[in-house]
Amino acid sequence: MYRLTLKRVLFLMLLLVILTISAYTLYFARYIIVKESICLVKNDLTEVMMSSAADTSNVISAKLPADVEKMLKNKTYQHSEEIQEQRVQHIKRICTEEYKIQPLPFNGTDKRFSSHLRARLRTTFVNDDYKLLVTVVYKTGSQGWKKLLKQLYERGRNVSQKTLGSEDGLYTLSQVKKQYGLNAVVNRLKNYFSIIFVRHPYTRMLSAYKEKLVKMPNKFYEKKSRGIIRQVRSIPLPDSETPDLKFDEFVQFVANGGWDEHWCPILNKKPCHVYYDFIGHLETFQDDVAYLFHLIGIGNIVEFPECHHSTGSGDLAVLKEHFSQISQTLLTKLNTRYKNDFKIFDYRLPQNNTDFH
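Residues numbered from 1 in each chain as written. Predicted model: local features only at pLDDT ≥ 70, side-chain atom pairs only at ≥ 80, totals over all residues. Heavy atoms only, no water.

Chemist: Tell me what's going on with the nonpolar core, and back it up with residues and numbers.
Modeler: The nonpolar side chains of a soluble globular protein tend to be buried, and buried together. Membership of the largest hydrophobic core comes to 42 residues, with the highest contact counts inside it found for Y202, M205, F247, F250, W263, F323 and L334. For this core, the secondary-structure elements that each account for two or more residues are α3 (78-98), β3 (193-198), α10 (201-214), α11 (219-233), α12 (247-255), α14 (316-323) and α15 (328-344). Setting aside residues no more than four positions away along its own chain, F323 makes contact with Y202, M205, F247, L331, L334, N353 and F356. Membership of the second largest hydrophobic core comes to 22 residues, among which are F278, Y291, I296 and F304. (Core = buried A, V, L, I, M, F, W, Y, C linked by side-chain atoms within 4.5 Å. Buried < 20%, exposed > 50% of the residue type's maximum accessible area, 1.4 Å probe, protein only. Helix = DSSP H or I, 4+ residues; strand = E, 2+ residues; numbered from the N terminus. Contact = heavy atoms within 4.5 Å.)

Chemist: How would you explain the environment of T140 if you had to name every residue and give the values?
Modeler: Secondary-structure assignment places T140 in the loop between β2 (132-135) and α6 (142-155). With 60 residues separating them along the chain, T140 and H200 place their C-alpha atoms 9.6 Å apart. Setting aside residues no more than four positions away along its own chain, T140 makes contact with W145, F197, V198, R199, R204 and L282. Side-chain polar atoms of T140 contact the backbone oxygen of V137, separated by 2.5 Å. Within the structure, the side chain of T140 is placed 3.3 Å from the backbone oxygen of F197, a separation counted as a polar contact. (Polar contact = N/O pair within 3.5 Å; in protein donor to acceptor, adjacent residues only side chain to side chain.)

Chemist: Now, about the environment of H79: what can you tell me, with residues and values included?
Modeler: Relative to the elements of secondary structure, H79 occurs in helix α3. The exposure class assigned to H79 is exposed, which follows from its relative accessible area of 55%. Taking the C-alpha atoms as reference, H79 lies 9.7 Å from Y291; in sequence the two are 212 residues apart.

Chemist: Could you give an account of the sheet that holds strand β4 (residues 278-281), naming the residues involved and the relevant values?
Modeler: Pairing is mixed in the open sheet, where four strands are placed in the order β1-β2-β3-β4. Each of the sheet's edge strands pairs with one partner strand only, and the pair in question is β1 (124-127) and β4. Between one strand and the next, the sheet's axes are offset by a mean angle of 20°, whatever the strand orientation. Pairing geometry for β2 and β3, over four bridges, is parallel. For L133, the partnering residue across the bridge sits in β3 and is S194. (Pairing = 2+ DSSP bridges. Axes fitted to C-alpha atoms, helices over the stretch in contact; angles between N-to-C directions.)

Chemist: Any chance you could break down the side chain of S142 for me, citing the residues and the numbers?
Modeler: Residue placement: S142 occurs in helix α6. Taking relative accessible area as the criterion, S142 reaches 7% and is therefore assigned buried.

Chemist: Give me the packing of aromatic side chains: which residues, what numbers.
Modeler: Scanning all chains against the criterion turns up 19 aromatic pairs. With 5.2 Å between their ring centres and 65° between their planes, Y209 and F247 make a pair best called edge-to-face. With Y209 in helix α10 and F247 in helix α12, this pair connects stretches of sequence that are 38 residues apart. Exposure class is identical for Y209 and F247. Each is buried. Following the ring pairs from residue to residue traces out a cluster consisting of Y202, Y209, F247, F250, F253, W263, F323, Y338, F342 and F356. (Phe/Tyr/Trp six-rings, centres within 6.5 Å; stacked < 30°, edge-to-face > 60°.)

That is the geometry; function is a separate question.
Rendered as structure tokens:
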């Protein structure tokens, strides 16, 4: 009886071992099959993605869903979008709350569009194909913006530029007004995408001084430099001598109201009367341009042209070096002229000649 029981126990144990081995065998077999299937799927996806590079029309199912793709793109520019919102809202708040200026109503018979916006109309370039208005501020990449508008004109379809007598695609709102009337100007201000790029007022002013009055690229600015010297020193410079205008003399001239497009306050463009849709800063130029091109849909069409007119004025050490020559009294007077530019475009107004960060 005892031996029979032992045999049964041994048989049961053997059976258990066999079942265990079978179970493990099935498990590993299933693992191998799944692994092979994954490899096959990966290979198929690779082939699909490689074929998409050659022919995107055959791989629609391999693309990301449109909403996901849009979300990823938007996330890339999320920070830039937030910055733009802050800049636009900042200007609106300063204009309405501090300056008590309300934007002009879009009425084609309102003569204030001519009287108040004269400087803006003269320096705002139009592209009718992409419905863009670009206000050019000198010493903030103005030549690059003109070249870009020429490129867009060459790729566009609208022929109104030729009607306005501009074969290179550069025409301003002033020319639109002259050719088509004030209503055509107001219509564009209302419906087109308005762009302006600005710069720290004093790096812009220093850049203008170094490029126009030190290098003196033409006879006009050589004559202007002589005129400033005569006004500041009260002694005319002999014609035989090359103008040697000092920076503190230039600042004195500007603080007393000396005017030129290259250093006049940007508030002259009247950002309170008609709001801008996009406000770029030269200090964040690369990021701002990338986001702008994304917004208006030209990122795959053109690149911003290179410009080689750097004067080094954006270098903090260069800025401090030049402004160290300025007395506190003169800086205070200069601040009075430019304080609105600092405030409305959200730059920090320096309180002394070393207060630059």
